[in-house]
Amino acid sequence: MKNNRHTLRALALLLGYPDAGLREVLPQLADAIDAEAALPRGRRAELRAFVGEMQRTEPIELESRYVELFDRGRATSLHLFEHVHGDSRDRGPAMIDLTQTYEKAGLLLDPHELPDHLCVVLEFASTQPPAVAREFLGEMAHILNAIFSALRQRESRYASVLAAVLEVAGHQAEAVAVAEDAPIDESWAEPEAFGGCNSKGQAAPGQPQPIHIVRKNAPALGARP
């Protein structure tokens, strides 16, 4: 099995925030992917074209696109457990299990890093033997396909990076149904003051106001009325 260490580390960096440090090493990342040849030639050509586009884009626009793409919706989130557990309580134990997997392999996370972020996952996989990395990433292929599909739907070149990750995992990128995200303004909106609410409280102006009759408790024996 071909070595994939440099390819996985390069893919992890390509999925990171495109700050000045990343922009500076973009050509080396494309060279490393080509040199290792762990990916098909066509995919490597796509990634090199993506790197070229990043280099030609104004830094502010590049960073703005990244935030809009990955930080403003669940469908394209790079936090893998977001796609499985959402905000449920199950996410915490899953995070702990994954962190322990890293620690057993000698990888200690920065306190500010979350273990389910795809960049961290790829960094860990790059430290493992090729067969182990392939199996580890293969277990999350369905999540990677979902992110790939959401990115392709948005016509983002980042879809090529997700397709490359899937190929290292021994899978082909496949389009799957993408759940639409609620508009960010809607998900963060607060209810209008005094604008009314549901039947559990005051109705909206102009609507019939519910009347709740509360029966008083009967006086206890011996108590004065």
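Residues numbered from 1 in each chain as written. Predicted model: local features only at pLDDT ≥ 70, side-chain atom pairs only at ≥ 80, totals over all residues. Heavy atoms only, no water.

Explain the overall build of the protein chain here, please?
Secondary structure assignment for the protein chain yields 11 helices and zero strands. Along the protein chain, from the amino end to the carboxyl end, the secondary structure elements read α-α-α-α-α-α-α-α-α-α-α. A total of 225 residues make up the protein chain; the buried ones form 36% of that total. A fraction of 61% describes how many contacts in the protein chain between residues 6 or more apart in sequence connect residues 24 or more apart. (Helix = DSSP H or I, 4+ residues; strand = E, 2+ residues; numbered from the N terminus. Buried < 20%, exposed > 50% of the residue type's maximum accessible area, 1.4 Å probe, protein only. Contact = heavy atoms within 4.5 Å.)

Before we go on, may I ask you to explain the nonpolar core in this structure?
For soluble globular proteins, nonpolar side chains are generally found buried alongside one another. Counting residues in each nonpolar core, the largest one holds 54 residues, and the members touching the most others are Leu11, Leu15, Leu118, Leu122, Phe136, Leu137 and Tyr158. With nine residues, helix 10 (residues 158-168) is the single largest residue contributor to this core. Excluding its chain neighbours within four sequence positions, the residues that come into contact with Leu15 are Tyr66, Leu78, Leu118, Cys119, Leu122, Tyr158, Val161 and Leu162. (Core = buried A, V, L, I, M, F, W, Y, C linked by side-chain atoms within 4.5 Å.)

Is there a simple way to explain helix 9 (residues 141-153) in this structure?
It helps to recall that an α-helix has 3.6 residues per turn; residues three or four apart then point in one direction. With 13 residues, helix 9 extends 18 Å from end C-alpha to end C-alpha; this agrees with the ideal 18 Å at 1.5 Å per step. Those residues of helix 9 lying buried are Ala141, Ile143, Leu144, Asn145, Ile147, Phe148, Ser149, Ala150 and Leu151. The elements touched by buried residues of helix 9 are helix 4 (59-70), helix 5 (80-84), helix 7 (118-126), helix 8 (130-138) and helix 10. Where helix 9 terminates, the next one or two residues include Glu155, which has phi positive at roughly 55°. (Expected span 1.5 Å × (residues − 1).)

So what exactly am I meant to see when it comes to the pattern of salt bridges here?
Side-chain pairs of opposite charge can arise where the charged atoms are in close proximity. Under the definition given, this model contains 11 salt bridges. Arg9 is the salt-bridge partner of Glu123, the closest N and O atoms lying 3.4 Å from each other. Pair noted here: Glu123 is in helix 7 and Arg9 is in helix 1 (residues 5-14), with a separation of 114 residues, a long-range link. We classify Arg9 as partly exposed; its relative accessible area is 44%. With a shortest N-O distance of 2.8 Å, Arg43 and Glu46 are connected by a salt bridge. With Arg43 and Glu46 both in helix 3 (residues 41-56) and three residues apart, this pair spans about one turn of that helix. (Salt bridge = Lys/Arg side-chain N within 4 Å of Asp/Glu carboxyl O.)

Help me out: how do you make sense of the confidence of the model for the protein chain in this one?
Low pLDDT marks stretches whose predicted atomic positions should not be read closely. Residue-level pLDDT values for the protein chain average 82, and 77% of them are 70 or greater. Per-residue pLDDT stays below 50 along residues 183-225; that stretch engages in 15 contacts with residues further than four places along the chain or on separate chains. (pLDDT = per-residue confidence, 0-100.)

Help me understand the packing of helix 3 against helix 10 in this model?
How two helices sit against one another is set out by the angle between their axes and by the gap between those axes. Close contact between helix 3 and helix 10 brings their axes to 9 Å; oriented N to C, the two are set at 145°. The two elements helix 3 and helix 10 meet at a crossing, and its hand is left-handed. Residue-level contacts link Arg43, Glu46, Leu47, Phe50 and Met54 of helix 3 to Tyr158, Ser160, Val161, Ala163, Ala164 and Glu167 of helix 10. Tallied by class, the residues present in the contact of helix 3 with helix 10 amount to seven nonpolar, one polar and three charged. (Axes fitted to C-alpha atoms, helices over the stretch in contact; angles between N-to-C directions. Left-handed = near helix turned anticlockwise from the far one by under 90°. Nonpolar A, V, L, I, M, F, W, Y, C, P; charged D, E, K, R; others polar.)

Would you explain the side chain of Asp116 in this entry?
As for its placement among the helices and strands, Asp116 is situated in the loop between helix 6 (91-104) and helix 7. Residue Asp116 is classed as buried on the basis of its relative accessible area, which comes to 0%.

Help me understand the packing of helix 7 against helix 8, please; the structure alone is not making it clear to me.
Orientation of helix 7 relative to helix 8, taken along the N-to-C sense of each, is 155°, at an axis distance of 9 Å. For the element pair helix 7 / helix 8, the angle class is roughly antiparallel. When helix 7 is examined against helix 8, the residues Val121, Leu122, Phe124 and Ala125 are found in contact with a partner set consisting of Ala133, Phe136 and Leu137. By residue class, the composition of the contact of helix 7 with helix 8 is seven nonpolar, no polar and no charged. (Parallel < 35°, antiparallel > 145°, perpendicular 65-115°, else oblique.)

What am I meant to see in the packing of aromatic side chains here?
For any pair of aromatic rings, geometry is given as the distance between the ring centres together with the angle between the planes. Summed over all chains, the structure comprises seven aromatic pairs. Centroid distance Tyr17 to Tyr66: 5.7 Å. Interplanar angle 85°. Geometry classified as edge-to-face. Of this pair, Tyr17 sits in the loop between helix 1 and helix 2 (20-36) while Tyr66 is found in helix 4, placing the two residues 49 residues apart along the sequence. (Phe/Tyr/Trp six-rings, centres within 6.5 Å; stacked < 30°, edge-to-face > 60°.)

Can you walk me through helix 1 in this structure?
For helix 1, every residue scored as buried is listed here: Thr7, Leu8, Ala10, Leu11, Ala12 and Leu14. Buried residues along helix 1 sit against helix 2, helix 3, helix 7, helix 8 and helix 10.

Just to check I follow, could you spell out the environment of Val25 for this structure?
Residue position: Val25 is located in helix 2. Its relative accessible area of 28% is what places Val25 among the partly exposed residues. Remark: the alpha-carbon pair of Val25 and Leu14, spanning 11 residues in sequence, is separated by 9.9 Å.

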